[in-house]
Amino acid sequence: MGDLYIALIHAPVYNKNMETIATSITNLDIHDIARSATTFGAKRYYIVHPAEAQRALAGRIMGYWQEGFGSEYNQNRQEAFSRVRLAFDISEVEADIAQEQGRKALKVATDAHQNPNTTSYPALRQRIEETDDPVLLLFGTGWGLIHDVLESCDLILDPVYGPGEWNHLSVRSAASIILDRLRGH
């Protein structure tokens, strides 16, 4: 089975007007996605933001739960945060994985729309289970990953749909659903 890595991308992403922006790191995204990553066996959860102040804020939040009072109060959170790394950009994440794995990871984007190189959950799950290829799964904040990032990916996962047309989930919810589809029992 290949190692699964996930990355939450805060920049470059779109806003509702399809302008390229950077979103703010949120406490809930750090906590909830770290817990989902741990539950579903992701090797690492990267939080990607180009602003040093945003990475420092995330570092302080994580430090509280890893070294401060929170580490004694809730040891489960400490375990989940042990998988979290902060990165400046996607290329830093890719380089970190390549150094650890000795090869490049298959880069897979998530998106709320159908794309030409869309793959199904069963197909990606099978690839993860039957090969030892590392997989990097990208989640976008705001209104999603910009077109250039999507084009740089090897594959894009099918969108998460409910019974209707509306599918604008929070990234925390989408990450949990997608990780369950790829690694759940």
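Thresholds applied
Residues numbered from 1 in each chain as written. Predicted model: local features only at pLDDT ≥ 70, side-chain atom pairs only at ≥ 80, totals over all residues. Heavy atoms only, no water. Buried < 20%, exposed > 50% of the residue type's maximum accessible area, 1.4 Å probe, protein only. Helix = DSSP H or I, 4+ residues; strand = E, 2+ residues; numbered from the N terminus. Arc of directions from axis to C-beta. Contact = heavy atoms within 4.5 Å. Polar contact = N/O pair within 3.5 Å; in protein donor to acceptor, adjacent residues only side chain to side chain. Core = buried A, V, L, I, M, F, W, Y, C linked by side-chain atoms within 4.5 Å. Salt bridge = Lys/Arg side-chain N within 4 Å of Asp/Glu carboxyl O. Pairing = 2+ DSSP bridges. Axes fitted to C-alpha atoms, helices over the stretch in contact; angles between N-to-C directions.

As recorded by an unreviewed UniProt entry, the protein chain carries the name tRNA (guanine-N(1)-)-methyltransferase C-terminal domain-containing protein and is attributed to Desulfitobacterium metallireducens DSM 15288.

J.: I'd like a rundown of helix 6 (residues 121-130), residues and numbers included.
T.: Within helix 6, burial applies to Tyr 121, Leu 124 and Ile 128. Take helix 6 and look down its axis: the buried residues cluster within an arc of 75°, on one side only. Residues of helix 6 that are exposed and point more than 90 degrees away from the buried face comprise Pro 122 and Glu 130. Contacts from the buried residues of helix 6 go to strand 1 (4-9), strand 6 (106-109), strand 7 (118-119), strand 8 (135-140), strand 9 (155-157) and helix 8 (171-183). By the N-cap criterion, in which a side-chain oxygen at the helix start approaches the backbone nitrogen of a residue two or three places on, helix 6 is capped by Ser 120, the distance to Ala 123 being 3.1 Å.

J.: How would you summarise the nonpolar core if you had to cite specific residues and measurements?
T.: Of all hydrophobic cores here, the largest spans 35 residues; its most connected members are Ile 6, Tyr 45 and Leu 137. Ranked by residues supplied to this core, first place goes to helix 8 with five residues. Look past the residues within four positions of Leu 137 in its chain and what remains in contact with it is Leu 4, Tyr 5, Ile 6, Ala 7, Val 108, Thr 110, Leu 157, Ile 178, Leu 179 and Leu 182. With 21 residues, the next largest nonpolar core counts Tyr 5, Leu 136, Val 149 and Leu 150 among its residues.

J.: Lay out the pattern of salt bridges with the relevant residues and their values.
T.: In the structure shown here, the tally under the stated rule is 11 salt bridges. Residue Arg 172 is joined to Asp 29 by a salt bridge in which the shortest nitrogen-to-oxygen separation is 2.8 Å. One end of the pair, Arg 172, is in helix 8; the other, Asp 29, is in helix 1 (residues 27-39), with 143 residues separating them in the sequence. Owing to a relative accessible area of 26%, Arg 172 belongs among the partly exposed residues under this scheme. Through salt bridges with shared partners, one network takes in Asp 3, Lys 43, Arg 44 and Glu 100.

J.: Describe the sheet that holds strand 6, and please don't skip the residues or the numbers.
T.: Here seven strands make up an open sheet; going across it, the order is 5-4-1-8-6-9-7 and the pairing parallel. Looking at the sheet topology across the chains shown, the edges are occupied by strand 5 (84-87) and strand 7. Relative to strand 5, strand 4 (residues 44-48) runs parallel, the two sharing four bridges. For Tyr 45, the partnering residue across the bridge sits in strand 5 and is Val 84. Each of strand 1, strand 4 and strand 5 touches helix 1; the most contacted strand, strand 4, lies at about 155° to it. The sheet contacts of helix 5 (residues 90-101) involve strand 1, strand 4, strand 5, strand 6 and strand 8, and relative to strand 4 the element is tilted by about 155°.

J.: Give me the side chain of His 49: which residues, what numbers.
T.: Note that His 49 resides in the loop between strand 4 and helix 2 (52-66). Take His 49: its relative accessible area is 3%, and that puts it in the buried class. Polar side-chain contacts of His 49 include one of 2.7 Å to the backbone oxygen of Thr 23. There is a polar contact of 3.0 Å between the side chain of His 49 and the backbone nitrogen of Ala 51. Look past the residues within four positions of His 49 in its chain and what remains in contact with it is His 10, Ala 22, Thr 23, Ile 25, Gln 54, Arg 55, Ala 87 and Phe 88.

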